[in-house]
Amino acid sequence: MAVFSEILRINLPADVVCDEKRKNHAFDISFDADGDIPFPQVILRAGGREHLINGEAIRRAPGVGWVITYETSVAAGLFGPGDVQVQVEGCKTADIAQAGGDDWVKEFRTLPLKAPAKAAAPKRGKARARSAADVKVYFGIHKHMHQPYYNTTDRTYWDGEKDEIFGSRGGNYTDFVPAAARQYMDGGLPHAGLSTSWSGTLIEQLDRCAADGLCGGRFGGWNGALRGIAGEKTALGHPRVAFTTFGFYHPLMALIPHRNIVKQIEWHRGIIRSAFGVEPASVIFPPETAFHVRMIPALLEAGVEAVIYDSIHRFRACQDYPYAGIQEGMLPPNPAEQANPPADDWLQLHNIWAGSRIAPSLLRPEYVAYEDPDGKTHKIVAVPAERYIGNEDARGGFGALQYPDVLGQVYDQIVATGSYDPKHPPFFLLHSDGDNHGGGADSYYYHNTGALVHWLNQDPRFELTAVGDYLERFPPDPDRVVHIEPGSWAGADNGDPQFMKWFSRYNEPYSPDLNSWAVLTAFQNAVHALEDSEPGSPVLGEATRLMLTAETSCYWYWTGQTVWDQQVTNAANMGYGQIKGALDALLAAGEDRSGPTIFAPWVTPENPGGKRWGQGCLEDADPQGVVHTFVADISGLKRVDLVLRRDGTETVVAMDDHGPYPSETGAAVTANYCTAALPVGAGDVRYFIEAEDAKGNVSRSALERVYLA
């Protein structure tokens, strides 16, 4: 019999209805070829998962004439409701090891899996809404304000460009926010308020503008109206304008050490008190809306009670998440992150850009947890900022975002699915920069806010509320704890779970971003070592400030521009030069008490054995995953180990130390680059990194998760 050249036909069921557990029933697939297939395969993909059928599981059946038919059975319980992508393929040579790309013939089909018929509306709580009239959707508004230092080593640096940047935002940094909040008050909205985040670097530079008369004197008394509105309260006594907790220098908190997260927050609290005369809210808006559960212990230590995150990372953490493909702008979720039960109210928003579906039942504050390497659980309240509606609101409010129509779609889906829980009703934030583009224009704060207040007074389905008021009225259930996938807001290259906006060109021989992380890791270790051994050292203060300045996420954002790629090294070189003498004395006395500094690890490919980016498409990713990190210690490294946990067993793998990352910015110090291969096909794995220095000091990283297909 001749070897085949073409797959002629694929026979699938018209559709498959899932069982009461929302998993597929067993079904059969057959396909015809024009000859013998030496190596037939069927691959099923859905919700970020992949199921392979080959070998003896594919049966050769009697065909008609020269047509050969192959049959296989798909087991029950593999996938939930949604579309399953079916790939049927065959290799034209029996020696798979010698086969090239041209030897494979592939055909693709889509098989819909239908949800089971519902006997009654789903129950999500003991108290249910009796009718649509009982349903109400709550939402809030958040505005973010920030300017970095444009020279890490000279805080007084200023030029005409800075004069223009700050001067064009005069209203944003003075009276726009108070004007919006006063319209809430004058409009009779008892619980309405907005939250706003201000970086310490912005406040310091505005203070300097006021003191030195920069920007034509525009910022003399810049914070007067803001201090005035800071004392106004909602019906429940929460601020009409809540200045949220933040990181002083706008750091990407998911990628800096625990102790530096705490310090960034503590410094920020001080400047908020000074600038606005109030305590910052116990809710944090993390820079870039970038959240990772490993941040939770540091946030709790710093006194934070709730964290704002981008809603898509809650949706993607559901089992059977309806991944939208490349239009979503992210790779399929890693199955290790999909720890939450399925949702059954997926909604495709219309009349705004929405690259994927949302689940209105999940748009509410919940507790989210992180488990550390010792098995201790840390949990915090997480408040969703809705990705797509927030993005549209950022374009200018009414006119860009038609609130009644778009929020009405959310309301209608809640009513239709019976998902309303009056004890924990829907609540989400519309978040955006408060000083850029449409969401930062005066028309947003004035005309748009007026139209918003008028609409809310006419439409009882919706209520604008401050975060504090909502959490007091509808506290989340502490016994209901969920997981949230890592990631940031859509403006950072769609905010992927790997934070690749801050790892640009990571797969090239030299990456400016990786260089900056390596330099920063080494500098952090030097400062921490001196801090632990000589906390009162007179050279420590300015070096600490330079370290925290170097953590500003903006210095990674514009990769490829020397002025930004050099900023971290400049700060580290200056700071290291200031403390080098003290460090030399510390080492000579054998007083190094600090363990190695371990940079947050990343994995390549992002989803081993899953999917990776191709040219305008998704391609199969190598199943061989590799863990990467930077490790630094002033006393030198003795060992760096990868500790793997799977199925109750623990395996220790020595990481390969490639030596200092080869810097091209003239760095005085840089961390060692370490890697380790992950076991292929190991499934759902937890891991952390443990490092020991030459003095016997030991450090451990956070506990991470990855699925190895």
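Just above, that's the structure.
I will try to describe carefully the structure that is included in this document. Throughout this document, residue positions are counted from 1 along each chain, in the order its sequence is written. Local features in this predicted model are restricted to residues whose pLDDT is 70 or higher, and side-chain atom pairs enter the listing and the counts only when it is 80 or higher, whereas totals over whole chains, interfaces and linings include all residues. Computation of side-chain values covers all heavy atoms of the structure but excludes hydrogens and water.

Our focus in this paragraph is the pairing of strand β24 (residues 626-632). For every residue, the accessible area (1.4 Å probe, protein chains only) is compared with the maximum for its type, and the residue is labelled buried under 20%, exposed over 50%, or partly exposed between those bounds. In DSSP terms, a helix is any run of H or I states spanning at least four residues, a strand is any run of E spanning at least two, and both are numbered starting from the N terminus. Across the seven residues of β24, six count as buried, placing the element largely inside the fold. Two strands pair if DSSP finds at least two bridges between them. Two strands pair when backbone bridges link them, and strand β20 (residues 597-598) and β24 are joined in this way by two bridges, in the antiparallel orientation. Looking at β24, one finds that Ile598 is bridged to Val631. Pairing analysis gives three bridges linking strand β21 (residues 602-604) to β24, with the strands arranged antiparallel. Paired with Val603 across the strands is Val627, a residue of β24. Of the strand pairs in this sheet, β24 and strand β28 (residues 672-677) are connected by six bridges, and their pairing is antiparallel. Within the sheet, the bridge partner assigned to His628 lies in β28 and is Thr675.

We now examine the side chain of His528. Structurally, His528 can be placed in helix α12 (residues 512-533). Once residues lying within four places of it in the same chain are set aside, the contact partners of His528 are Pro257, Arg259, Asn260, Met547, Ser594 and Thr597. Any pair of residues with heavy atoms lying within 4.5 Å of one another is described as a contacting pair.

The next thing to look at is the pattern of salt bridges. Basic side-chain nitrogens of Lys or Arg form a salt bridge, by our definition, when they fall within 4 Å of a carboxyl oxygen of Asp or Glu. Summed over all chains, the structure comprises 41 salt bridges. When the shortest N-O distance is used, the salt bridge between Asp212 and Arg208 registers 3.3 Å. Placement of both Asp212 and Arg208 in helix α3 (residues 200-212) is noted, with a separation of four residues, approximately one turn of the helix. The class of Asp212 is partly exposed, set by a relative accessible area of 48%. Assessed through its relative accessible area of 24%, Arg208 is described here as partly exposed. Note that Arg645 and Glu650 form a salt bridge whose closest N and O atoms lie 2.8 Å from each other.

Another aspect to go through is the sheet that holds strand β3 (residues 27-33). Across the sheet, which stays open at both edges, the four strands sit in the order β1-β3-β7-β6 with antiparallel pairing between neighbours. Edge positions in the open sheet fall to β1 (7-11) and β6 (58-61), since each of these has one partner strand only. Adjacent strand axes in the sheet meet at a mean angle of 25 degrees when their direction is disregarded. With seven bridges connecting them, β3 and strand β7 (residues 68-74) associate as antiparallel partners. Within the sheet, the bridge partner assigned to Ala33 lies in β7 and is Ile68. To obtain each axis, a line is fitted to C-alpha atoms, and for helices this fit is confined to the stretch in contact; angles are then taken between N-to-C directions over 0 to 180 degrees.

Look at the link from Thr604 to Pro605: it is a cis peptide, with omega at -15 degrees. Turning to its location among the elements, Pro605 is positioned in the loop between β21 and β22 (611-613). In this structure, Phe499 takes a positive phi of about 55 degrees despite not being glycine. Positionally, Phe499 belongs in the loop between β19 (481-482) and α12.

Okay, the packing of aromatic side chains next. Stacked, edge-to-face and tilted labels apply to pairs of Phe, Tyr and Trp rings (six-membered ring for Trp) whose centres lie within 6.5 Å, assigned for plane angles under 30 degrees, over 60, and everything in between, in that order. Evaluation of the coordinates by the stated rule reveals 42 aromatic pairs. Seen from their ring centres, Phe503 and Phe599 are 6.1 Å apart, and the 50 degrees between their planes marks the pair as tilted. One end of the pair, Phe503, is in the loop between β19 and α12; the other, Phe599, is in the loop between β20 and β21, with 96 residues separating them in the sequence. Per residue, the accessibility class of Phe503 equals that of Phe599, and both read buried. Lysine and arginine charges are scored as sitting over a ring when NZ or CZ, respectively, is within 6 Å of the ring centre and within 35 degrees of the ring normal. The side chain of Lys143 reaches across the aromatic face of Tyr445, ending 5.9 Å from its centre. For Lys501, the ring lying beneath its charged end belongs to Tyr557, and the centroid distance is 4.3 Å.

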